[in-house]
Amino acid sequence: MNPGTQDWTPTILGGNNRRPSKASMNQAARDGKIETEKKYGAGGNKKGSDANMAKLDAETEDFHHKKVSTSMAQDIQKARLSKKMTQAQLAQRINEKPQIINDYEAGRAIPNQQVSHRARGPALGCGSLCEY
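Everything numeric in this text was worked out from a predicted model, so none of it was measured.

*Asks:* I keep staring at the overall build of the protein and nothing clicks. Help me out?
*Replies:* Within the protein one finds six helices and zero strands. Start at the N end of the protein and walk to the C end: the helices and strands fall as α-α-α-α-α-α. When contacts within the protein are restricted to residue pairs at least 6 apart in sequence, those whose partners lie at least 24 apart make up 55%.

See below:
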């Protein structure tokens with residue numbers, strides 16, 4: 001083909017795009033024209049090996065966050081009630097959301113030293129309660 005000319009031969013799209021038959025594939029494999037290689041773990045939809053399942057069953061560690069103790073929750077509540085404050089008022093005084101105070105008093109909160117100190121400390125004038 002000359003680089004200065006165009007190729008005017010027709011290109012046929014969608015012609016014989018069929019997959020080879022199983023018989024022709026088997027014949028090509030017997031003749032050595034096709035190489036196959038087994039991939040590690042290919043096609044295996046196993047849920048997990050027995051060794052991994054045994055490790056999981058033997059696991060005894062508890063994966064939970066530490067929660068506020070009930071005594072701390074009661075101390076915050078008692079100090080707040082002794083000052084005749086609502087949870088919302090205490091939250092506003094220590095610059096936190098009311099839900100945070102609610103979680104602390106219900107024992108659901110994950111302890112945060114700064115929040116617990118402010119909730120039990122100078123905002124309520126708790127004195128001995130600040131010694132946690």
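Read on, since the account is not over.
*Asks:* Is there a simple way to explain the nonpolar core in this structure?
*Replies:* As a rule of thumb, soluble globular proteins bury nonpolar side chains together. Core analysis: the biggest nonpolar cluster contains 13 residues, and V68, M72, I76, L90, I94, I101 and Y104 have the highest contact counts within it. Within the residue set of this core, elements represented by two or more residues are α3 (70–82), α4 (87–93), α5 (98–106) and α6 (113–120). Element by element, the count of residues in this core is highest for α3, at three residues. When sequence neighbours within four positions are dropped, the list of residues in contact with V68 reads A73, Y104, G107, A109 and P111.

*Asks:* Sorry, what's going on with the environment of Q27 here?
*Replies:* Examined against the element boundaries, Q27 turns out to sit in helix α1 (residues 22–31). Residue Q27 is classed as partly exposed on the basis of its relative accessible area of 36%. Side-chain polar atoms of Q27 contact the side chain of R30, separated by 3.0 Å.

*Asks:* Just checking my understanding: could you explain α5 for this structure?
*Replies:* One full turn of an α-helix is made of 3.6 residues, so residues set three or four places apart face in the same direction. Considered for burial, the residues of α5 that qualify are I101, D103, Y104 and E105. On its buried face, α5 sits against α3, α4 and α6. At the C-terminal side of α5, G107 shows a positive phi close to 80°.

Parameters and conventions
- Residues numbered from 1 in each chain as written.
- Predicted model: local features only at pLDDT ≥ 70, side-chain atom pairs only at ≥ 80, totals over all residues.
- Heavy atoms only, no water.
- Helix = DSSP H or I, 4+ residues; strand = E, 2+ residues; numbered from the N terminus.
- Contact = heavy atoms within 4.5 Å.
- Core = buried A, V, L, I, M, F, W, Y, C linked by side-chain atoms within 4.5 Å.
- Buried < 20%, exposed > 50% of the residue type's maximum accessible area, 1.4 Å probe, protein only.
- Polar contact = N/O pair within 3.5 Å; in protein donor to acceptor, adjacent residues only side chain to side chain.

By themselves, these are just geometric observations and shouldn't be taken as functional.
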